Amino acid sequence: MTSERKRKNTSTRRAMLANEIAQAIRLRAFRPGEWLRQIDLEERFEATRFDVRSALDELAVRKTIEHVPNRGYRVAEVDLKTYEEILAARIILEKATADGIVARIDAAAIARLDGLAAQFSAAVLTGSRTEQSEINRAFHQFMYSFCGNAVLEEMIWALRDRGRGSQITVWSSHELLQKSDREHYEMMAALKARDAGRLAALIATHIVKGAPVGPAPVEPG
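Residues numbered from 1 in each chain as written. Predicted model: local features only at pLDDT ≥ 70, side-chain atom pairs only at ≥ 80, totals over all residues. Heavy atoms only, no water.

Quick notes on unusual backbone geometry
Point 1. The phi dihedral of Arg28 is positive, around 70°, even though this residue is not glycine.
Point 2. Relative to the helices and strands, Arg28 is located in the loop between helix H1 (3-26) and strand E1 (35-36).
Point 3. Among the residues examined, Arg28 registers a relative accessible area of 24% and is labelled partly exposed.
Point 4. Located in the positive-phi region is Asn70, a residue other than glycine, with phi close to 70°.
Point 5. Structurally, the position occupied by Asn70 is in the loop between strand E2 (65-68) and strand E3 (72-75). (Helix = DSSP H or I, 4+ residues; strand = E, 2+ residues; numbered from the N terminus. Buried < 20%, exposed > 50% of the residue type's maximum accessible area, 1.4 Å probe, protein only.)

What follows is the structure, given as structure tokens:
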């Protein structure tokens, strides 16, 4: 194996492990402010010490976690002001995907999105919060994959994961969950109509319902 291939394989392993740890943080397996013990992560994710350390360094760059010199790594804690700034940045970035998505998405992909929206509707009725969160993420991840800008996608998901360090409750009521469900179908209608402006407006509405003044319920988008 060439040195170039080794570097690529190492980079791939690091990114995959970083995403797995980020997913665990997103699902609240690790809470904001919680210290991450490398030996526990090695066992949990069946990874080497080197890969775990590399993944933690990657997550620290993303600001999903923070590195405290001489102490280790802990899940980042996000205060209300920072969380509101994350939401504002998300609105700018995620609205920017609309034109590219409308230009590139095809009928087969729209049908797949319809299926994900239906899965989310079913999860709203009978699924766990973990299932709802993962299907919601799959819906948006697939939709944004058509924006045509891989760097923009990376920035969006880094911000979304960083926002998980806040104490703000996601979907604090069933009404908010149902509203998020309805908005998925409104986005689908905008896509089918090839209306990028409408899609961008819906994305912004989906991210935040009004400007929270305190720890108000905010949907994940």
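Text resumes after the structure shown.
Looking at helix H10 (residues 196-207)
Point 1. Counted at 1.5 Å a residue, the expected span for H10 with its 12 residues is 16 Å, and the 17 Å between its end C-alpha atoms agrees.
Point 2. Listed as buried for H10 are Ala196, Leu199, Ala200, Leu202, Ile203, Ala204, His206 and Ile207.
Point 3. Elements in contact with the buried residues of H10: helix H4 (80-95), helix H5 (98-104), helix H7 (129-144) and helix H9 (174-192).
Point 4. With a side-chain oxygen positioned 3.3 Å from the backbone nitrogen of Gly197, the residue opening H10 is Asp195. (Expected span 1.5 Å × (residues − 1). Contact = heavy atoms within 4.5 Å. Polar contact = N/O pair within 3.5 Å; in protein donor to acceptor, adjacent residues only side chain to side chain.)

Quick notes on the sheet that holds E2
Point 1. Pairing in this open sheet of three strands is antiparallel, and the strands run E1-E3-E2 from one edge to the other. Both edges of this open sheet fall to E1 and E2, since each of them pairs with a single strand only.
Point 2. Pairing of E2 with E3 involves four bridges; the strand directions are antiparallel. By the bridge assignment for E3, Glu66 is matched with Arg74.
Point 3. The strands that helix H3 (residues 49-62) touches are E1, E2 and E3; relative to E3, the one it contacts most, it runs at about 55°. (Pairing = 2+ DSSP bridges. Axes fitted to C-alpha atoms, helices over the stretch in contact; angles between N-to-C directions.)

Thoughts on the pairing of E3
Point 1. Two elements, E1 and E3, share two bridges in a ladder whose sense is antiparallel. Bridging from a neighbouring strand, Leu36 pairs with Tyr73 of E3.

Comments concerning the packing of aromatic side chains
Point 1. If you walk through the whole model with that rule in mind, you get two aromatic pairs.
Point 2. Measuring from ring centre to ring centre gives 5.2 Å for Phe142 and Phe146, while their planes differ by 90°; the resulting arrangement is edge-to-face.
Point 3. Given the relative accessible area of 17%, Phe146 is considered buried. (Phe/Tyr/Trp six-rings, centres within 6.5 Å; stacked < 30°, edge-to-face > 60°.)

As for the packing of helix H6 (residues 107-126) against H7
Point 1. H7 packs onto H6 with a crossing angle of 165° between their chain directions and a minimal axis gap of 9 Å. For the element pair H6 / H7, the angle class is roughly antiparallel. Helix-helix and strand crossings are classified by hand; for H6 and H7 the assignment is left-handed. Residues Ala109, Arg112, Leu113, Leu116, Ala117, Gln119, Phe120, Ala123 and Val124 of H6 pack against Gln132, Ile135, Asn136, Ala138, Phe139, Phe142 and Met143 of H7.
Point 2. The class makeup of the residues in the contact of H6 with H7 is 12 nonpolar, three polar and one charged. (Parallel < 35°, antiparallel > 145°, perpendicular 65-115°, else oblique. Left-handed = near helix turned anticlockwise from the far one by under 90°. Nonpolar A, V, L, I, M, F, W, Y, C, P; charged D, E, K, R; others polar.)

These results come straight from atomic positions and should not be treated as a statement about function.
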